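# Observations on the model geometry
For reference, the chains in residue letters:
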Amino acid sequence: MLLWHVFISQNLKTASMVRDMVKEGAVEALKKCFSSRMEFGTAGLRAAMGPGISCMNDLTIIQTTQGFCRYLEENFGNLKERGVVIGYDARAHPPSGGSSKRFSSLAAAVFISRGVPVHLFSDITPTPFVPFTVSHLGLCAGIMVTASHNPKQDNGYKVYWENGAQIVSPHDKGIATAIEENLEPWPESWNIEEALKSPLLKDPYQDIHAQYFKAIQKHCHHRDINKSSEVKIVHTSVHGVGHAFVQSAFKAFDLHPPYAVEEQKDPDPEFPTVKYPNPEEGEGVLTLSFALAEREGAAFVLANDPDADRLAIAEKQQSGQWRVFSGNELGALLGWWMFRCWKQQNSDKDAVKSLYMLSSTVSSKILRAIALKEGFHFEETLTGFKWMGNRARDLLDQGKTVLFAFEEAIGYMCSPSVLDKDGVSAAAIAGEMISYLATKKTILSQQLTAIYDEYGYHISKNSYFICHDQDVIRSLFERLRNYSGQKDSYPTECGRFSISAVRDLTTGYDSNQPNNKAVLPTSSSSQMITFTFSNGGVATMRTSGTEPKIKYYTELCAAPGNSDVTQLKKELDDLVDAIVENFFEPEKNKLQPKPE
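Residues numbered from 1 in each chain as written. Predicted model: local features only at pLDDT ≥ 70, side-chain atom pairs only at ≥ 80, totals over all residues. Heavy atoms only, no water.

For the chain, an unreviewed UniProt entry supplies the name Phosphoglucomutase 2 and the organism Dicentrarchus labrax. We quote the UniProt Sequence similarities (unreviewed entry) comment for the chain here in full: "Belongs to the phosphohexose mutase family." Heading Cofactor (unreviewed entry) of the UniProt record for the chain holds this comment: "Mg(2+)". (UniProt positions renumbered as here; feature names shortened; annotations may be inferred.)

## Digging into the environment of R114
Within the secondary structure, R114 sits in the loop between α6 (100-113) and β5 (118-120). R114 sits 72 residues away from W186 along the chain, and the two C-alpha atoms are 9.7 Å apart. Those residues in contact with R114 that lie beyond four places of it in its chain are C69, R70, E73, K80 and W186. (Helix = DSSP H or I, 4+ residues; strand = E, 2+ residues; numbered from the N terminus. Contact = heavy atoms within 4.5 Å.)

## Things to note about the sheet that holds strand β12 (residues 311-316)
On the basis of which strands lie adjacent, the open sheet formed by five strands has the order β10-β9-β11-β12-β13 and mixed pairing. Of all the strands in the sheet, just β10 (259-260) and β13 (322-324) have a single pairing partner and so form its edges. Pairing of strand β9 (residues 233-236) with β10, which is carried by two bridges, proceeds in the parallel orientation. Following the sheet pairing, V234 is matched in β10 by Y259. Along the sheet, helix α13 (residues 283-296) makes contact with β9, β10, β11 (300-304), β12 and β13, crossing β13 at roughly 140°. (Pairing = 2+ DSSP bridges. Axes fitted to C-alpha atoms, helices over the stretch in contact; angles between N-to-C directions.)

## Re the side chain of Q66
Tracing the sequence through the fold places Q66 in helix α4 (residues 58-75). Polar side-chain contacts of Q66 include one of 2.8 Å to the side chain of S189. Discounting residues that sit within four places of it in the chain, Q66 has contacts with V110, N182, L183, E184, P185, W186 and S189. (Polar contact = N/O pair within 3.5 Å; in protein donor to acceptor, adjacent residues only side chain to side chain.)

## A closer look at the layout of surface pockets
Each pocket or cavity is described by its volume, and for the second largest pocket that value is around 360 Å³. Within the residue set of the lining of the second largest pocket, elements represented by two or more residues are β20 (497-504), β22 (528-533) and β23 (537-543). The element that contributes the greatest number of residues to the lining of the second largest pocket is β20, accounting for three residues. Across the lining of the second largest pocket, the residue classes break down as six nonpolar, six polar and five charged. (1 Å grid on protein atoms, 1.4 Å probe; cavity = no way out; pocket = protein on both sides within 12 Å on 5 of 7 lines; lining within 4 Å. Points joined across faces, edges and corners; volume = space filled by probe spheres on them. Nonpolar A, V, L, I, M, F, W, Y, C, P; charged D, E, K, R; others polar.)

## Notes on the nonpolar core
F68, F111, Y412 and F584 are the most contacted members of the largest nonpolar core, which totals 164 residues. Not counting chain neighbours up to four residues away, the residues in contact with F584 comprise F465, L476, M541, I550, K551, Y552, I579, N589 and L591. Y356, A392, M413 and L419 belong to the second largest nonpolar core, which has 10 residues in total. (Core = buried A, V, L, I, M, F, W, Y, C linked by side-chain atoms within 4.5 Å. Buried < 20%, exposed > 50% of the residue type's maximum accessible area, 1.4 Å probe, protein only.)

## Brief notes about the pairing of β11
The two faces of a sheet get side chains in turn, since along a regular strand they alternate between them. With five of its five residues buried, β11 lies for the most part within the structure. Taking every second residue as pointing to the same face, both faces of β11 are buried, with F300, L302 and N304 on one and V301 and A303 on the other. Where β11 meets β12, five bridges bridge the pair, whose relative direction is antiparallel. Residue pairing across strands places L302 opposite I313, the latter belonging to β12.

## Things to note about helix α19 (residues 470-481)
Between its terminal C-alpha atoms α19 stretches 17 Å, which fits the 16 Å expected from 12 residues at 1.5 Å a residue. Along α19, the positions that sit buried rather than exposed are V472, I473, L476, F477, L480 and R481. Considering only its buried residues, α19 is in contact with β20, β22, β23, β24 (549-557), α20 (565-584) and α21 (586-589). For α19, the N-terminal cap is D469; the gap from its side-chain oxygen to the backbone nitrogen of D471 is 2.9 Å. (Expected span 1.5 Å × (residues − 1).)

## Focus on the side chain of S489
One can find S489 in the loop between α19 and β19 (493-494). For S489, the contacting residues outside a window of four places in its chain are L480, R481, N482, Y483 and S484.

## Some thoughts on the packing of aromatic side chains
This structure, assessed with the given rule, holds 23 aromatic pairs. Judged by centre distance (5.2 Å) and plane angle (50°), the rings of W337 and Y436 are tilted. Pair noted here: W337 is in helix α14 (residues 327-345) and Y436 is in helix α17 (residues 423-439), with a separation of 99 residues, a long-range link. According to the relative accessible area criterion, W337 is buried, its value standing at 1%. A residue is classified by how much of its surface remains accessible, and Y436, at 10% relative accessible area, is buried. Measuring from ring centre to ring centre gives 5.1 Å for Y452 and Y457, while their planes differ by 40°; the resulting arrangement is tilted. The pair formed by Y452 and Y457 is uniform in burial state, with each residue classed as buried. Through successive ring pairs, a cluster of aromatic residues spans F129, F132, Y212, F213 and F245. Sitting above the plane of the W186 ring, R114 keeps its charged end 5.3 Å from the centroid. (Phe/Tyr/Trp six-rings, centres within 6.5 Å; stacked < 30°, edge-to-face > 60°. Lys NZ or Arg CZ within 6 Å of the ring centre and 35° of its normal.)

Written out as C-alpha cells, the structure is:
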C-alpha cells in the first residue's frame, strides 16, 4: 500500500513525506496515514491534509471524484449536457502541497476527462454558493471543497445532489462503493493544465455573484429604514471567505457597510488570531471584533465561520458587557422576524396554512410554539441541514412555502434559493432586523424577551465532552439502553428528574409512538438518544459525525406566562448536572470537558 501510494501519487511533497516517515521508522504515523481509508458519508469527506488513504491529498481527491463521477454517470443519462459545479474555500497545507483550490482543480480534471461540463469557480466562494448554483443552473451535482470551521490542517469534500440539497442515504453508500471500484487514477485525472484549457470548463463566478444577490433581495422588506439607519455593526469573517460577500449582501439590502475586523478580513489558512476558527466557541473568537466595536461605538457584532455558511451575533448590553447569542436564541429571533415580514406581505388569511418552518431535533422547540399560536406548520428533522434541505425541497415541490429553517449550531436557511445553511443572506437579514428594531428603540435581547413572553420561555444549554475511544462511546450508550440490566430497559429517572419518554434514533425505538417505532429516520452508524422529562425538559445525547465529541442538547420549555427566568435556569442547570453525573459519568469514562 505504501509503495503503491508513493508510486502512483504525482504529488512530490506527499511522496516525500511518506519516504521521510519510512526513513525515520515512524510506524505509528504511517499506521495513522495508511491503516484505513477515509469513510465517505452523507457529509462527504473531512480529514487532515497529508499523505495516505486516511488523509485529504491529491490522490484521495482523484479517487473520490472518480467514484462520484461514475456514480453520477449511472444516475443521469444527461450528465454530459447538464454538468456539475465545484467551489472551494481558502484552506491550504504547505507541507503536503494540498489546498482547496488545488483539490477543486483536480476534481474538475476528473470530470472533464469524462466529457462532463464543469462550472469551476475562479476564486474562493462561500459554501452556500454551490447549492445555489446547482439549483440556479439546473446541474446534476455540486462539490464544495471546505472543512468549514475545523482546525487549520483539515479539509473536506461536501457533495450536493441535483435538488440543491446535500446528499442523503442511499447516495452516500452508492458513492462510497463507486470510489472503491475506481481507485486507480484514470490517465487524464492528473492533468490539471489540460483541464483548465478545456472548452468544457466554465467560470460561473460573475453570473452567480449577480444572481445570488438578486435572489436574496426578495427578503429585504425595509429598504428605506436600512438606507437611513445609523446602527453601527462590526463583521468578522474569521480569516475565511466571508468578508467581500457580506459587504455585497449589506449593499444589496441598502444597509451601511459593516466595519470589518482588519486583522481577520482577508483569507488566511493559518487562522493566526484564533485558537479555533469557529464562532460557535463564542467570546474567544470575537475578542478583536469587540475591540473594534468599542473603538467605533458599535453595539453589534456579526461573525461568519470560515466558509460563511454559519452566523454568530453578539450585542453590547446596557451594562457594557457583550452578550453572544446562542444558535437557539438566534433561531427564535430570525424565525420571529421572517414570519413577521411574511405576515405583512400576505393579507390572505388562508396562506398561512401552506407555510412551513423547520428545525433539527436537537434545536430549540421555539418555532413549534410560534407555529401553534400563529397557525403555520412546523416540522422537525434529524440533525443536520442535509435533512432540512431535502425536506424543504419536497415541500417546495408540493407548492408549499418554506420560510425558515435552523439548527442550534448557528446555521440558518432564510431563503429557499439555497437549500442549506447560509451565513451570508442571514447576515443581511439580521442587519435589517437590527435596523428595524432600532427604530422602535429596541435591541435584540429585548426582542428575544418579548418573543419568550408571547410564546413561552425556551431555555437551552448545550455542550459536549471529548472522547477519542469508540469503545467507551459505545459502552456509554449501550448502558443507557440496558439500564436495569435488561435489554431495551431505558432509564425512568435521572437523579430527582422523572423521565416521561425516550426516543433512540440509533435503534429506532420511541416510547411515545403506539408501536414504539420512531417516526424520524434511524441510523445504526451514529448514537442518538433523546429523553423527555416530566418537568418539560428535553435532553438529547449524540455523537458527532465529524469530530471526536459526545454532544448534549438540553432545553426547558415553559408555558407562556411562566416568566421566572431565574427559577427556570436553575431547574435546567440541575437537570444538566444530573445528566452529566448519571448518564455521562465523565470520571469513570475519562471524558474531557469542553475546553473553556
